[in-house]
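Topology and contacts: notes
Below are the chains, spelled out letter by letter.
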Amino acid sequence: MENLVEVRDLKVEATTDSGRRVEIIKGVSLDIAPGEIVALIGESGSGKTTIALTLMGYTRSGCSISGGTVRIAGKDMVTLSERERAGIRGTEVAYVPQSAAAAFNPAQRIIEQVVEVTRIHRLMPAEEARQKAVELFRALSLPNPETIGGRYPHQVSGGQLQRLSAAMALIGDPRLVIFDEPTTALDVTTQIEVLRAFKSVMKKGGISGVYVSHDLAVVAQIADRIVVLRNGEVQEVGATADILTRAQHPYTRELLAAFEPKPRGEETVVEERKVLLEIKGLSAGYGPIQADGQPLVRAVQDVSLTVEKGRNLGIIGESGCGKSTLARAIAGILPASSGTILFDKSELEGSVRQRSRDHLREMQIVFQYADTALNPAKSIEEILGRPLMFYHGMKGKQRDSRIDQLLDMVHLPKTLRHRRPQELSGGQKQRVNFARALAAEPKLIICDEVTSALDTVVAAAIIELLKELQRELSLSYIFISHDLSVVEAICDEIVVMYGGRKVEEITPAVLKAPQHPYSKLLFSSVPRLDPSWLDTLELDPELVTTYGHR
Amino acid sequence: MTQSATLSQKFGYRFSWVGMIGLSIMLFWGIIALIAPHIIPHPVGEIVDEDYFGAISSRFWLGSDYLGRDMLSRILMGARYTVGISLAAVSIACFCGVVLGMTAAVVGGWLDAALSRFLDAMNSIPGKLSGLVVVAAVGSSITVLIVTLAVIYTPGAYRFARALAVNINTMDYITVARTRGEGIFYIIRSEILPNITGPVLADLGLRFVFIVLLLSGLSFLGLGVQPPYADWGALVHENVGGLPFGAPAVIVPSLAIASLTISVNLLIDNLPQKIRDRNA
């Protein structure tokens with residue numbers, strides 16, 4: 001059987017702002033048979049999206065295809081004219097972007113945008129296109145397929161919008177669909193629905209697919225073959241089951257190892273269990289204060305929890321469950337509307353401004369995006385030096401040697417100290433972000449989704465670093481994440497939040513048996529590295545309708 | 001606006017030739033303004049030509065004005081007033097505007113509301129009109145001109161800086177600084193200011209052009225720099241009678257104003273950009 005896609009020795013070059021040309025794809029070859037789904041997997045910067053885009057003959061601005069051929073059904077996308085490529089896009093090759101919210105025009109009804117492809121290519125009359133769209137909506141198991149197209153993009157949920165953008169890609173009956181990290185921005189409970197819908201539609205239509213992702217577990221569910229990429233080169237190609245069980249290349253093994261759940265290990269021995277932080281009946285929210293003394297939008301309601309010295313608390317829940325608001329209330333960024341915060345035996349004021357400098361020093365918060373948490377106009381030295389001077393009055397030589405120590409603690413070379421944040425990689429930035437919190441010599445660090453923006457391998461290294469620092473400095477962490485495996489890896493206790501309330505508190509001993517129905521749904525929704533996981537997974541439909549955002 | 005012309009690829013910056021032309025014209029006028037008293041061929045107030053609106057000649061390179069005074073000397077000296085007054089006014093306006101704007105953005109609340117409404121009200125008064133009223137009321141002197149021009153252009157600088165600072169203020173590193181317990185002064189100076197200097201400098205250049213034009217306009221109406229000294233606007237005004245004769249005395253100061261304002265615009269549209277590719 002002839003392959004639908006044949007990529008041979010593909011090279012893509014990018015021009016930097018100094019006019020230098022850099023090869024970002026270094027001779028990649030791959031084949032896709034009709035009806036086959038191939039996953040491109042690798043960390044950010046590995047060139048997986050760049051390769052996927054060349055299948056449509058497209059490169060991002062500043063980049064160009066400098067060599068090789070990209071044959072789709074016998075036509076070389078590299079040598080075709082732009083007009084000929086435009087004819088192929090949407091009808092033979094279609095694209096599903098990572099962020100459907102950014103890909104839809106917020107000012108137009110969804111159905112108009114879904115059938116647009118048929119109008120541009122004059123494929124079918126408008127009425128027929130609409131009927132076809134509704135069929136696709138049904139096939140993608142969207143609710144109310146007859147009427148959902150009449151809504152505007154902001155009126156449907158993120159998971160629904162992602163499926164609608166798949167409908168947009170499928171309406172032109174393409175032979176190849178490119179999925180560019182389509183579920184990365186979704187909650188795990190939503191992700192399952194979207195993956196199932198994608199899989200069944202692709203199977204039914206016998207459509208070939210390219211699935212770009214950094215998440216091996218997701219890829220394991222949907223792909224027939226996996227291509228592992230790094231630095232613009234193919235590391236390993238193989239059938240999904242082979243890659244997962246008999247990986248040959250060391251990098252693939254590293255990726256797999258980063259995915260293995262690493263339980264907390266032997267419990268750190270604490271001489272006596274002392275309560276470090278105790279929160280009672282905390283509520284917080286946004287908007288004007290109402291008559292009952294509570295804000296208009298209550299993001300966190302009546303949450304109580306305790307953190308013991310030298311032990312870690314994980315807070316888990318989907319986006320919008322109030323976990324970040326809870327972190328902000330504890331740190332005093334958003335003063336709590338009611339409840340008490342007891343830290344190291346003294347009661348904390350609600351707002352940062354009223355707290356004493358020592359209290360501020362002892363509790364540090366580390367944010368998700370190191371890009372926005374580090375001032376781009378300052379050098380690493382200045383960023384780390386400020387808390388040293390502010391809290392400890394360190395100056396000159398003493399401060400310099402302490403900065404070196406801090407860089408050493410987070411395993412960064414000392415030569416980085418004169419660099420600016422934008423000259424560092426994502427993992428390095430997150431390490432600097434931590435070093436700044438450590439500079440204060442805190443007792444408690446609140447980590448708000450610190451690994452969510454990082455690649456799997458890098459995130460695993462950050463988690464290892466956190467554990468190591470805890471052993472050395474007897475810190476406590478509050479670890480907030482939507483990613484259960486990350487929380488499992490580091491926390492002694494896990495709090496599950498839903499709709500602004502704490503629904504359950506779990507200790508790892510009983511972790512496998514969560515009691516609350518929402519916890520059950522959440523825990524069972526995390527993808528496993530087992531290709532048959534999605535097909536055999538049975539979720540209680542009642543639970544899904546109650547807690548899933550369909 | 002004081003970056004030296006040596007910025008090049010070697011220093012990790014890219015600087016287009018259009019920007020360099022703008023910078024060199026600006027530097028040229030800047031230097032002229034400094035050394036004018038030492039290079040003028042004739043005293044500014046002295047009548048040296050027997051003809052008025054004299055043509056360009058080897059003795060008077062730029063002709064003579066409506067009284068027979070040397071035009072070249074008057075233009076060179078005029079650069080002092082036009083560049084000096086405008087620079088002083090724009091510095092004051094931008095300093096006040098940026099400091100108030102950043103404070104309003106960081107403090108927020110009623111201070112922000114009060115400052116914004118007050119300065120919006122100031123903004124709603126036409127600049128030329130308020131300039132006329134002030135000068136007519138207290139008389140024209142260089143100090144009065146500088147202060148008036150600065151006050152007229154402060155609200156715009158405030159609006160601009162506040163808009164930039166509000167965006168920076170939502171960044172996580174500001175939140176980190178706040179949870180560290182930092183004061184307002186530190187947040188403004190160390191966290192916000194370094195991140196808005198680029199756009200603020202561009203705004204300063206633009207506002208400088210506005211002030212040159214407004215000052216020239218005031219002088220053209222006879223309310224600016226007073227005789228026997230004259231800035232470029234005043235030079236156009238006093239020699240406007242030479243227009244029917246095609247006298248260089250009215251054309252040359254207009255060209256001087258145009259060259260300065262256009263060169264500032266060329267520069268701020270083509271500021272040197274840092275090259276992020278370190279391996280180049």
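Remember, it's a predicted structure, so these values are computed and weren't measured experimentally.

Looking now at the overall build of chain B. The secondary structure content of chain B amounts to 9 helices and 2 strands. N-terminal to C-terminal, the α/β element order of chain B is β-α-α-α-α-α-α-α-α-α-β. Oriented by its inertia axes, the alpha-carbon framework of chain B measures out at about 75 × 55 × 30 Å. Counting only residues that meet the buried cut, chain B has 49% of its 280 residues in that class. Working note: accessible area of chain B is about 13300 Å², and carbon and sulfur atoms make up 69% of it. Within chain B, one finds 17 positive and 16 negative side-chain charges whose respective centroids are separated by 12 Å.

Let us look at the nonpolar core. The biggest cluster of nonpolar side chains holds 112 residues, and the ones touching the most others in it are Phe-137, Leu-164, Tyr-211, Phe-434, Ile-445 and Phe-479 of chain A. Residues Phe-53, Ala-79, Ile-85 and Cys-94 of chain B belong to the second largest nonpolar core, which totals 54 residues.

Time to look at the sheet that holds strand β15 (residues 346-347) of chain A. Residues and elements named next belong to chain A. Read across the sheet, 4 strands follow the order β12-β11-β14-β15 without closing on themselves; strand pairing throughout is antiparallel. A strand with exactly one partner marks an edge of an open sheet, and here the two such strands are β12 (295-308) and β15. Looking at chain direction, strand β11 (residues 275-289) and β12 are connected through 9 bridges and run antiparallel. Bridge pairing in β12 links Leu-282 to Val-303. In the packing of helix α12 (residues 323-331) onto the sheet, contacts are made with β11, β12 and β14 (338-343), and the angle to β11 comes to roughly 110 degrees.

We now examine the UniProt feature "domain: ABC transporter" (unreviewed entry) in chain A. As recorded in UniProt, the feature "domain: ABC transporter" (unreviewed entry) lies at residues 10-256 and 277-524 of chain A. Annotated as residues 10-256 of chain A, this span is 38% helix and 26% strand, and its ends, taken at the C-alpha atoms, are 27 Å apart.

Moving on, we come to the sheet that holds strand β4 (residues 63-72) of chain A. Residue and element names in this part refer to chain A. Ordered in space as β2-β1-β4-β5, the 4 strands form an open sheet in which the pairing is antiparallel. The open sheet has two edge strands with one neighbour each: β2 (21-32) and β5 (75-76). Note that β4 and β5 share 2 bridges and pair antiparallel. When the sheet's bridge partners are listed, Ile-72 is paired in β5 with Lys-75.

Right, let's get into the domain arrangement of chain A. Residues and elements named next belong to chain A. When the domains of chain A are assigned, the result is domain 1 (39-58 + 82-257) and domain 2 (309-335 + 346-515). At the interface, 7 residues of domain 1 touch 5 residues of domain 2. When domain 1 packs against domain 2, close to 650 Å² is buried across both sides, 43% of that on carbon and sulfur atoms. The tally of links between domain 1 and domain 2 comes to 0 residue pairs in polar contact (both at pLDDT 80 or more). Here the residues of the side of domain 1 that touches domain 2 are counted per class, giving 1 nonpolar, 3 polar and 3 charged.

Residues and elements named next belong to chain A. Of note, the phi angle at Asp-9 is positive, near 50 degrees, even though the residue is not glycine. Considering the arrangement of structural elements, one finds Asp-9 in strand β1 (residues 5-15). Relative accessible area serves as the criterion here: at 40%, Asp-9 is assigned to the partly exposed category. In this model, Arg-122 sits at a positive phi of 50 degrees, which is unusual for a non-glycine residue. Along the chain, the position of Arg-122 falls in the loop between α5 (116-120) and α6 (126-139). On the basis of relative accessible area, Arg-122 is assigned to the exposed category, the value being 76%.

Contacts between the two partners involve 27 residues from chain A and, on the opposite side, 24 residues from chain B. For the chain A and chain B pair, buried surface summed over both sides reaches about 2200 Å², with 51% attributable to carbon and sulfur atoms. In terms of surface lost to chain B, no three residues of chain A exceed Asp-17, Thr-372 and Arg-386 of chain A, which account for 24% of the buried area on that side. Our enumeration of links across chain A and chain B arrives at 2 salt bridges. Across the salt bridge formed by Glu-191 of chain B and Lys-378 of chain A, the nearest N and O atoms sit 3.6 Å from each other. Counting every contact that joins chain A to chain B gives 7 residue pairs in polar contact (both at pLDDT 80 or more). Taken together, the elements giving at least two residues each to the side of chain A that touches chain B come down to α12, α14 (370-373) and α15 (380-392) of chain A. Ranked by residues supplied to the side of chain A that touches chain B, first place goes to α15 of chain A with 4 residues.

Definitions and cut-offs
- Residues numbered from 1 in each chain as written.
- Chains lettered and ligands numbered in written order.
- Predicted model: local features only at pLDDT ≥ 70, side-chain atom pairs only at ≥ 80, totals over all residues.
- Heavy atoms only, no water.
- Helix = DSSP H or I, 4+ residues; strand = E, 2+ residues; numbered from the N terminus.
- Buried < 20%, exposed > 50% of the residue type's maximum accessible area, 1.4 Å probe, protein only.
- Areas by Shrake-Rupley, 256 points an atom, 1.4 Å probe, with all protein chains shown as cover.
- Lys, Arg positive; Asp, Glu negative; His and termini not counted.
- Charge placed at Lys NZ, Arg CZ, Asp CG, Glu CD.
- Core = buried A, V, L, I, M, F, W, Y, C linked by side-chain atoms within 4.5 Å.
- Pairing = 2+ DSSP bridges.
- Contact = heavy atoms within 4.5 Å.
- Axes fitted to C-alpha atoms, helices over the stretch in contact; angles between N-to-C directions.
- UniProt positions renumbered as here; feature names shortened; annotations may be inferred.
- Domains from an automatic or database assignment.
- Buried area = accessible area lost by both parts, 1.4 Å probe.
- Polar contact = N/O pair within 3.5 Å; in protein donor to acceptor, adjacent residues only side chain to side chain.
- Nonpolar A, V, L, I, M, F, W, Y, C, P; charged D, E, K, R; others polar.
- Salt bridge = Lys/Arg side-chain N within 4 Å of Asp/Glu carboxyl O.

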